[in-house]
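Residues per chain are reported as follows:
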Amino acid sequence: MPADGQRRNRRQEGAGLMKHLDVARAYQRAELCALPADLAAKRPDAGNWKQYQTRLPTDDELTRWFKRDRPICLVAGAASKDLEMIDFDCAGEKFMWWKHLVELQSPGLVDQLVLERSPSGGWHAAYRHESEVFGNLKLAERSVVVPSDEEVEFYGKKYKPVKVGDHYEVRLTLIETRGEGGIFLCDPTPGYALTQGTFEQLPVVTEEQRMLLLEIAWSLNELKLDPEPDPDPTPRIGGDADGRPGDDFSERGDIRPTLRAHGWTLKKPGNNEYWCRPGKSHGTSATLKDNVFYVFSSNAFPFEPGRGYSNFHAYTLLEHGKNEWSAAASALRREGYGNPYIAPAIHIGTAEPLADPPPPADESKNPGPIPDSLLHVPGFVNDVMRYSLENAPYPSVPLAFCGAMALQSFLCGRKICDAGDLRPNVYLLALASSGTGKDFPRKVNSRVLFEIGHVNALGDKFASGEGIQDSLARNYSMLFQNDEMDGVLRQINLDRESKRESIPNILLTLYTSASEVYPIRTKANQKEDGHIDQPHLTLFGTATPQYFYESLSHRMLTNGFFARMIIIDVGKRGVGQTPGSSRQLPDVILRIAHWWGDFQPGNQRKNLLEVHPEPRVVPYTPKAAKAVSELQRLADSEYDGAHERNDEIARVAWSRTCENAKKLALLYACSANHEDPEIDITAVEWATQFAMHQTRRQLYLATIYVSENPFHAECLKLMRKLKEDGGQMARNKLMRAMRCKMQDFDQMVTTLMTQGDIVPIEIATKTKPAMGYRIA
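Residues numbered from 1 in each chain as written. Predicted model: local features only at pLDDT ≥ 70, side-chain atom pairs only at ≥ 80, totals over all residues. Heavy atoms only, no water.

**Q** In this structure, what is going on with the overall build of the protein chain? I would like to understand it.
**A** Within the protein chain, the regular secondary structure consists of 27 helices and 31 strands. Looking at the protein chain residue by residue over its 776 residues, the buried ones come to 52%. In the protein chain, the proportion of contacts linking residues at least 24 apart, taken out of those at least 6 apart, comes to 70%. (Helix = DSSP H or I, 4+ residues; strand = E, 2+ residues; numbered from the N terminus. Buried < 20%, exposed > 50% of the residue type's maximum accessible area, 1.4 Å probe, protein only. Contact = heavy atoms within 4.5 Å.)

**Q** Sorry, what's going on with the sheet that holds strand S26 (residues 536-543) here?
**A** Either a parallel or an antiparallel arrangement is found when strands of a sheet pair, and the pairing is made through backbone hydrogen bonds. If you walk across this open sheet you meet the five strands as S22-S23-S26-S21-S27, and the pairing is parallel. In this open sheet, the two edge strands, each paired with only one partner strand, are strand S22 (458-459) and strand S27 (565-569). Sheet topology places strand S21 (residues 427-431) next to S27; five bridges connect them, and they run parallel. Bridging across to S27, Ala430 finds its partner in Ile568. In this fold helix H14 (residues 465-475) packs onto strand S23 (477-482) and S26, with an angle of close to 140° to the strand it touches most, S23. (Pairing = 2+ DSSP bridges. Axes fitted to C-alpha atoms, helices over the stretch in contact; angles between N-to-C directions.)

**Q** Explain the nonpolar core to me, please; I cannot follow it from the model alone.
**A** Among soluble globular proteins, nonpolar side chains are generally buried collectively. Core analysis: the biggest nonpolar cluster contains 112 residues, and Ile468, Leu552, Trp686 and Phe690 have the highest contact counts within it. Apart from residues lying up to four places away in sequence, Ile468 is in contact with Phe462, Phe480, Ile503, Ile506, Leu507, Leu510 and Leu537. Val110, Leu115, Leu212 and Met748 belong to the second-largest nonpolar core, a separate cluster that totals 59 residues. (Core = buried A, V, L, I, M, F, W, Y, C linked by side-chain atoms within 4.5 Å.)

**Q** Help me understand the packing of aromatic side chains in this model?
**A** Within the structure shown, the criterion is met by 24 aromatic pairs. For the pair Phe184 and Phe199, a centre-to-centre distance of 6.0 Å together with 45° between the ring planes defines the contact as tilted. Placement of Phe184 in strand S12 (residues 183-186) and of Phe199 in the loop between strand S13 (193-196) and strand S14 (204-205) is noted, with a sequence separation of 15 residues between them. There is no split in this pair, since Phe184 and Phe199 are both buried. Connected via pairs of aromatic rings, a cluster forms that spans Phe88, Phe95, Trp98 and Trp123. Note that Arg210 overlies the ring of Phe134, its terminal NZ or CZ placed 4.6 Å from the centroid. (Phe/Tyr/Trp six-rings, centres within 6.5 Å; stacked < 30°, edge-to-face > 60°. Lys NZ or Arg CZ within 6 Å of the ring centre and 35° of its normal.)

**Q** Even after reading the chapter, I still don't get helix H24 (residues 681-705), so can you show me in this structure?
**A** Residues spaced three or four apart along an α-helix face the same direction, because each turn holds 3.6 residues. Relative to the 36 Å expected for 25 residues at 1.5 Å per residue, H24 spans 36 Å between its end C-alpha atoms, a close match to the ideal helical length. When you tally the buried positions in H24, you get 18 out of 25 residues, the bulk of the element. (Expected span 1.5 Å × (residues − 1).)

**Q** Is there a simple way to think about the sheet that holds strand S18 (residues 292-295) in this case?
**A** Ordered by their spatial adjacency, five strands build an open sheet running S15-S16-S17-S18-S19, and the pairing between neighbours is antiparallel. Where the open sheet ends on each side, the last strands, each with one partner, are strand S15 (265-268) and strand S19 (307-310). The sheet shows a mean angle of 30° between the axes of neighbouring strands, direction not considered. Sheet analysis places S18 next to S19, joined by four bridges and oriented antiparallel. From the neighbouring strand, Phe293 faces S19, where its bridge partner is Tyr309.

So far we have only geometry, and geometry alone does not tell us how the molecule works.
Laid out in structure tokens, this is it:
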């Protein structure tokens, strides 16, 4: 019978008072130092137990101790033939993560270790090392800020907070080792249960394997390096790291010559270097990575074990001694580190200092599709929507809204503007799958334009940029209803040279030229250049959601054409219905449409196509004007913050937020009262909510679809797969969904875990638990 089977039998049978004595003797035969333990205090209960750090107990001692069942602990280190145990505390929350990362770098290594659960839900991972082990090491910790110095409890343990600066905090140990001189309680102590292997058959790991186990645990540390005392009298200059010699040396200095001068030797070069302390010829005592010198050894004076040191801290300890910071800083300054002291400039005046740029908007939260409550505009737009919803085979509020807003935009084009000469031309894009009824709102608009004699102003497909120009040259005002916007959007990504004649560029130029004279190309039979006087183009396009999202890119989201589009996610198809009995357009719709068709602003008598139009200015009420100014300040503030973060996508998005809101408010006013429109506070508040939602939705989509490179794109795809499956998925299922090589898959999950985007979990199955991942 295998050893682990024997162990289970010993626990299950309860074969008398000698059970724990039998286990202790088995440990002794395996050269493990087993002692009785005080379960509550978690320490040995064997008198002067320090002697057992260098020898095994005798059989007589074991017999005396375990006449009755008592908790058992093992002494780690040399006493147990270089036993070391990695202890995962805080309910073992980092264990699965550590196990997964080790498996990726050294497949099968964790399967060799002895694994054990503790009563609190933690884990023990035990092994023997081929050489000596260090003392106990803290590998991963977490700092928790608490409101006061009153005792608090975390994971069943009580902690006394300490004051750090102006607040109190508790430091939790997530992962630590039990090494030379350390002890740990173990099976068959009540609450401790082996899940893999037995202590009698501990594996022996190599130096490289052990360092891998410890380094991965250390990589899960949530604490930054302890800041060194900072007595250097030279202030920082503008907050730059190179203002003081210590900061400068930590940033760009090289600690290696100093280490070698004091007897340290480099054992293994690379991105993560292994160093051996003075007086030792084999093994590893510390690592050096990213200018952090992390010491494991307890015999590496003047360094303390289980702590990381910056370049400056290590230099100070080795060259000048503990706490000799000023002497070290002065020496480094003589070597050229740091800048000379410069007194801060004094500004005289009454102006308040500029505020720091605002924190970025939380782009990780999905605002979702535009709520139906924002898809209602009083007056003409609602009338057109009502007709569409009553007569469409599959009524859709988002599609009806897009159609009605496009119709309103076209009807008042070149006829109204706001006080800043902003025009009502808008580009609407409805994301709708096949069969959702996207054709009906287009038919409604076509019928309205036919009834009022403007059917020639209808356009559908974009043959070319020049074709759009030709249509506007004939009509000056156009309503394009395009069902192939997927292809137009793809041109943004394909047009690497940003050709002037591409459809997106033509549409962008027309959008910004609505209040200007727009020049067009000269044809072969023309003697003079042509132009379009204040062109108006309204676009009502539709695209398939899948292709739209897949085409999103950094290039698209920073393109001016895309930033000006109003994008509405239609969602699932509406409930089918029998269309209304009346096929006739309501009189109210036709009456208002005719009014707009006949409306001639100002004192003009000639057709608008033949003269320079003078649009009617739609005024703001005082409250509305103030609200627009506040929105502008908010958008500008977000823009400045994005600029500080060098976030081009956010910068472009916020640059158009206020403009889009003002266009929407203008259309709202014309819909509510076509004869005497006025932009009031209700219109601005609605338009602000709408535009802000659009911007936040665009920024959210950027976080889940827009990639910097192909690998990043695959990582985003993996995150979407998890979200689509409820936030978590078994490893094998997720790998099938990704359809990629195992090596690429492992690289993706490792990157996402390191970034804190996902965490490894165990998922219950009919047989044994399966490895999986969950969104953090």
